[in-house]
Amino acid sequence: MIPQTVEVPPQHRLNEAALDRFLAAHLPEYGGGLRVRQFPGGFSNPTYALAANDRDGRPRQYVLRKRPAGKLLPSAHRVDREFRVLRALRESDVPVPQARVLCEDPDVLGTSFFVMDRVEGRLLTDPALPGFSPGERSAIWDSLVDVLARLHAQDVERLGLASYGKPGDYLARQVDLWTRQYRSAQTEALEEMEALGQWLAAHLPAHGRTAIVHGDYRLNNVLIHPGEPRVVAVLDWELSTLGDPLCDVAYTCLCYHIAEPPVGFGGADPVSLGIPSEREFIERYERRAGVPVTDWPFHMALQLYKSASLLQGVYRRALEGSGPSAGLSKKAQVAQRACIALELVAR
């Protein structure tokens, strides 16, 4: 489906006059006539659709990504990092929107933001791709693999991204991060999570490749061409960094281990739908990346641990009344995902 927009709700309204002045000063083609709407959904950074005219009166469309208002952790919601990686990739073979301008002056809209060109495409939220033919599903998933391999093949030195992440020990830092995240949200002792955290810490693979890691690479974070089964833009780079690229591969493959939508296939058999099996997905990535996928049980177990830790946070916030009550249903899934990982590494 083509991403739909809504009227901007009161809590997310922008100072449109200030934005109009900023765009006039920083976009050479900008001719005014600004209209602002918002993309609904789970964006952690409020995301807006901007429509305007160029200096010859022709319509132009942009997207604005903004840090939320309020007190934030310094490392969270870094739209400046999103802007940096998009600008670095603009001449690469990784399809990304063209990032146009970054504003870090809080006097304009209250928090930092950036503006990029809007890419026409379909945002598909169900990995089972209902309504598509088996051939179309296969082609879309093949394009998803191809673009991921292209991303991981980028030369970070040439792109000016050598300082985009901390050097070395990426996997150890990931295990430590998600252990701390789980501990901070823990409500009771779960043997499965304790055992999984200990296993991960004791089975860290030897240092592998370092590449640009998207951090949230999945079907609903890309745009598919309006009429063709291929990726035309990779979106939502908030979690991107330099790290082990197999973390991206494993994260994308969570759908083979978690049945619940929107992550999983909802109980459907992906192969019968024309979607590659997990083994086929990995083999396609290996062919395109030109490197073997090693230590797969570790990488998948780490993504399941991360997923379980995040769900524990959702459950705790619901329990305390600071999050939606629907989060109370996530309690059982924390142990379930840890069990899936433990079964995987025991094979």
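Below: a short report on this structure.

What counts and what doesn't
- Residue numbers run consecutively from 1 along every chain, following the written order of its sequence.
- Restriction of local features to residues with pLDDT of at least 70 applies here, the model being predicted, together with a cutoff of 80 or more for giving and counting side-chain atom pairs; totals for whole chains, interfaces and linings are based on all residues.
- Water and hydrogen atoms were dropped before computing side-chain values, which therefore reflect all heavy atoms in the structure.
- The working definition used for a salt bridge is a side-chain nitrogen of Lys or Arg within 4 Å of a carboxyl oxygen of Asp or Glu.
- Numbering of helices and strands runs from the N terminus; a helix is a DSSP stretch of H or I covering at least four residues, while a strand is a stretch of E covering at least two.
- Three exposure classes are used, based on accessible area relative to the maximum for each residue type with a 1.4 Å probe and protein chains only: buried under 20%, partly exposed in between, and exposed over 50%.
- Two strands are said to pair when DSSP picks up at least two bridges between them.
- The axes used here are C-alpha line fits, helices contributing only the stretch in contact, and every angle between their N-to-C directions lies in the interval 0 to 180 degrees.
- Working rule for contacts: check all heavy atoms of both residues, and any pair within 4.5 Å makes them a contact.
- Each nonpolar core is a collection of buried residues, namely Ala, Val, Leu, Ile, Met, Phe, Trp, Tyr and Cys, held together in the definition by side-chain atoms within 4.5 Å.
- For this classification, under 35 degrees means roughly parallel, over 145 means roughly antiparallel, 65 to 115 means roughly perpendicular, and everything else is oblique.
- Under the grouping applied here, Gly and all other residues not named as nonpolar or charged are polar, the nonpolar ones being Ala, Val, Leu, Ile, Met, Phe, Trp, Tyr, Cys and Pro and the charged ones Asp, Glu, Lys and Arg.
- Think of it this way: Lys and Arg go in the positive column, Asp and Glu in the negative one, and His and the chain ends go nowhere.

Observations regarding the pattern of salt bridges
Taken as a whole, this structure holds 22 salt bridges when the rule is applied. For the salt bridge of arginine 65 with aspartate 236, the shortest nitrogen-to-oxygen distance reads 3.0 Å. In this pair, arginine 65 is assigned in strand 3 (residues 59–66) and aspartate 236 in the loop between strand 8 (231–234) and strand 9 (241–243), connecting sequence segments 171 residues apart. Its relative accessible area of 3% is what places arginine 65 among the buried residues. Put simply, glutamate 320 and arginine 316 hold a salt bridge, and the shortest N to O gap is 2.8 Å. Highlighted residues: glutamate 320 and arginine 316, both in helix 10 (residues 296–320), separated by four residues, approximately one helical turn. Overall, arginine 316 belongs to the partly exposed group, its relative accessible area being 28%.

A short note on the sheet that holds strand 1 (residues 35–38)
Taken in spatial order, the five strands line up as 1-2-3-5-4 in an open sheet, and their pairing is antiparallel. Every interior strand has two partners, whereas the edge strands, strand 1 and strand 4 (99–103), have only one. For this sheet, the mean inter-axis angle between neighbouring strands, taken without regard to orientation, is 25°. Pairing geometry for strand 1 and strand 2 (residues 47–53), over four bridges, is antiparallel. Within strand 2, the position partnered with valine 36 by the bridge is leucine 50. With respect to the sheet, helix 1 (residues 16–26) is in contact with strand 1, strand 2, strand 3, strand 4 and strand 5 (113–117), its orientation differing from that of strand 4 by roughly 120°. In this fold helix 2 (residues 79–89) packs onto strand 3, strand 4 and strand 5, with an angle of close to 150° to the strand it touches most, strand 4.

Concerning the nonpolar core
In a soluble, globular protein the nonpolar side chains are often hidden away together inside. Counting 80 residues, the largest nonpolar core has Leu89, Trp141, Ile212 and Trp237 as its most contacted members. Counting residues per element, this core draws most heavily on helix 10, at nine residues. If we ignore the near neighbours within four places in the chain, the residues touching tryptophan 141 are Pro127, Leu129, Cys255, Tyr256, Phe265, Ile275, Pro276 and Phe281. Tyr30, Leu34, Phe113 and Val115 belong to the second-largest nonpolar core, a separate cluster that totals 21 residues.

Regarding the packing of helix 10 against helix 11 (residues 331–346)
Remark: helix 10 packs on helix 11, axes separated minimally by 8 Å, with the N-to-C direction vectors making an angle of 170°. Judged by the angle between their axes, helix 10 and helix 11 are roughly antiparallel. Side by side, helix 10 and helix 11 meet where Pro297, Met300, Ala301, Leu304, Ser307, Ala308, Leu311, Gln312 and Tyr315 of the first sit next to Lys331, Gln333, Val334, Arg337, Ile340, Ala341, Leu344 and Val345 of the second. A per-class count over the contact of helix 10 with helix 11 returns twelve nonpolar, three polar and two charged.

As for the side chain of glutamate 278
Within the secondary structure, glutamate 278 is located in helix 9 (residues 278–289). Within the buried core, glutamate 278 has no salt-bridge partner, and the shortest N-O distance to an opposite charge, that of arginine 347, equals 6.3 Å. Excluding residues within four positions of it along the chain, glutamate 278 makes contact with Cys253, Tyr256, His257, Trp296 and Met300.

Looking at the pairing of strand 5
Summarising burial for strand 5: five of the five residues are buried, a large majority. Of the two faces of strand 5, both are covered, the one formed by Phe113, Val115 and Asp117 as well as the one formed by Phe114 and Met116. In terms of strand pairing, strand 3 meets strand 5 through five bridges, oriented antiparallel. Paired with arginine 65 across the bridge in strand 5 is phenylalanine 114. Note that strand 4 and strand 5 share four bridges and pair antiparallel. Looking across to strand 5, one finds that alanine 99 is bridged to methionine 116.

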